[in-house]
Amino acid sequence: MAAPGKHPEMRVWQERPLNAETPPHLLAGADTTPIECFFVRSHGPLPEVGGSPSLVVDGLVGRPLELRLAELPARFDARTLTATLACAGNRRSELAALRAIPGQIPWGAGAIGTAVWSGAPLAAVLREAGVRAGARHVAFLGRDEASGCAFGGSIPLAKALSGEVLLAWAMNGRELPREHGGPLRALVPGYVGARSVKWLARVTVQREESRNPFQRDDYRLVPAGREPGPGVGVALGELPLNAVILAPADGATVPAGPLAVEGWALSGGGRAIERVEVSVDGGRAWSQAELLEDRGPWAWRLWRARLALSPGPAEIAARAWDSSGTPQPPDPAPLWNPRGYANAAWPRARVVARA
Ligand SMILES: Nc1nc2c(c(=O)[nH]1)N[C@H]1C(S)=C(S)[C@@H](COP(=O)(O)O)O[C@H]1N2
Ligand SMILES: [Mo]
């Protein structure tokens, strides 16, 4: 299966709607991900956005707005930032290997990418509308029909006013591509991808969290042993501290001797990556990885290390720390949850070194 406009080596889980992940070798070595290599996660068909579409801003505001999308760049000062977008279901396959997770795409570690996004800060738009007392959340609504309703979700008002949340119309210096939510999407850095609502039609300031099924039923961390349902568990927001090994591939055969290992580390909430360590014996002894260029608080930090492998099997592991000092959990088993979200266990690559 191939996806139009996408790299031929993308892993296509579903063609219509398009759901495709990036294989590790296309993510390695590039701190921003080219659009043709950027993962796509869509719950419903691409909406037709014709005519002169507008964005409605309503709810608990002093002045409801209806903004023509074409006028946004002239009306608001654009902000450009580098941010990693990660699906909450990234690395689900490792959880599904422990216990089945039916009805969900078994993403590997490639439902993630980093781009340079430009748009109007949501804070500036909300300032123009005037947020009223009692407001606690800001809800987004898309134009697509995803399982019977438009896709939507919400974020806390404090995050919405933070300045880093964009109403984005450009990605990597190009007009926002349709499959990534063009002409306009929300971009919520440091949060699970699901809150970065594509094909944005409406922004509603409100007292409560969004009642959209993708906030109320889906994209919630449900305790193991409970049935997912409306309001069960917590709505996902900030991303956990996470890291992935991009090379060597899990299961690879490599020459014994020096081995280059590379990957990414990312934290939510804008916390900086302080340290990444790698192990060649499954996590008993560790050595420091080198952190590559810092692209700011919302982007992953690429890292690399050189290890020495003796002939035979080896288990390479990695772990990251962020500025809060939080460690990553060693194993995915205690993280298992019915929908398979938020796997942030140490990444491991089992390899065989040949003399
Ligand atoms: N309108 C709409 N917005 C959406 C989605 C969707 O299906 N419809 N999928 C969400 C999910 S789950 C993710 S991970 C990201 C994926 O963004 P991308 O396809 O640009 O990579 O978009 C989010 N925004
Ligand atoms: Mo997602």
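Heads up: the structure comes first, above all this text.
Since the structure is predicted, the reported quantities are computational estimates derived from the model, not experimental observations. (Residues numbered from 1 in each chain as written. Chains lettered and ligands numbered in written order. Predicted model: local features only at pLDDT ≥ 70, side-chain atom pairs only at ≥ 80, totals over all residues. Heavy atoms only, no water.)

**Student:** Any details on the sheet that holds strand S20 (residues 287–288)? Residues and values, ideally.
**Tutor:** With respect to topology, 5 strands assemble into an open sheet ordered S17-S24-S23-S19-S20, the strand pairing being mixed. Of all strands in the sheet, those bounded by a partner on one side alone are strand S17 (253–255) and S20. Where S17 meets strand S24 (residues 348–354), 3 bridges bridge the pair, whose relative direction is parallel. Of the residues in S24, the one forming a bridge with Pro255 is Arg354. (Pairing = 2+ DSSP bridges. Helix = DSSP H or I, 4+ residues; strand = E, 2+ residues; numbered from the N terminus.)

**Student:** Give a detailed account of empty space enclosed by the protein, specifying residues and quantitative values.
**Tutor:** Applying the stated rule across the entire model yields 1 cavity of 30 Å³ or more. The computed volume of the largest cavity comes to approximately 240 Å³. Residue lining of the largest cavity: 19 residues in total, with Arg41, Arg185, Gly193, Ser196 and Lys198 positioned closest to the centre. Within the lining of the largest cavity, the residues separate by chemical class into 10 nonpolar, 5 polar and 4 charged. (1 Å grid on protein atoms, 1.4 Å probe; cavity = no way out; pocket = protein on both sides within 12 Å on 5 of 7 lines; lining within 4 Å. Points joined across faces, edges and corners; volume = space filled by probe spheres on them. Nonpolar A, V, L, I, M, F, W, Y, C, P; charged D, E, K, R; others polar.)

**Student:** Describe the site of ligand 1, naming the residues involved and giving the relevant values.
**Tutor:** Lining the immediate environment of ligand 1, one finds 19 residues, of which Phe39, Asp144, His180, Arg185 and Lys198 sit closest. The separation between an oxygen atom of ligand 1 and a polar main-chain atom of Phe39 is 2.7 Å. Contact with the protein chains hides 100% of the accessible area of ligand 1, taken as 530 Å² for the molecule alone. (Near = heavy atom within 4 Å. Polar contact = N/O pair within 3.5 Å; in protein donor to acceptor, adjacent residues only side chain to side chain. Areas by Shrake-Rupley, 256 points an atom, 1.4 Å probe, with all protein chains shown as cover.)

**Student:** Kindly report on the environment of Arg306, identifying the contributing residues and their values.
**Tutor:** Within the secondary structure layout, Arg306 lies in strand S22 (residues 301–309). Taking the relative accessible area as the measure of exposure, Arg306 reaches 62% and is therefore exposed. When the C-alpha positions of Arg306 and Ala252 are compared, they lie 16 Å apart, and in sequence the two are 54 residues distant. (Buried < 20%, exposed > 50% of the residue type's maximum accessible area, 1.4 Å probe, protein only.)

**Student:** Describe in detail the packing of aromatic side chains, supporting the description with residues and values.
**Tutor:** Applying the stated criterion to the full structure yields 7 aromatic pairs. Between Phe151 and Tyr219 the ring centres are 6.5 Å apart and the planes differ by 70°, which places this aromatic pair in the edge-to-face class. Of the two residues, Phe151 sits in the loop between strand S8 (137–141) and strand S9 (152–156) while Tyr219 sits in the loop between helix H6 (213–216) and strand S14 (220–221), which places them 68 residues apart along the sequence. Across this residue pair, the class does not change: Phe151 and Tyr219 are buried. (Phe/Tyr/Trp six-rings, centres within 6.5 Å; stacked < 30°, edge-to-face > 60°.)

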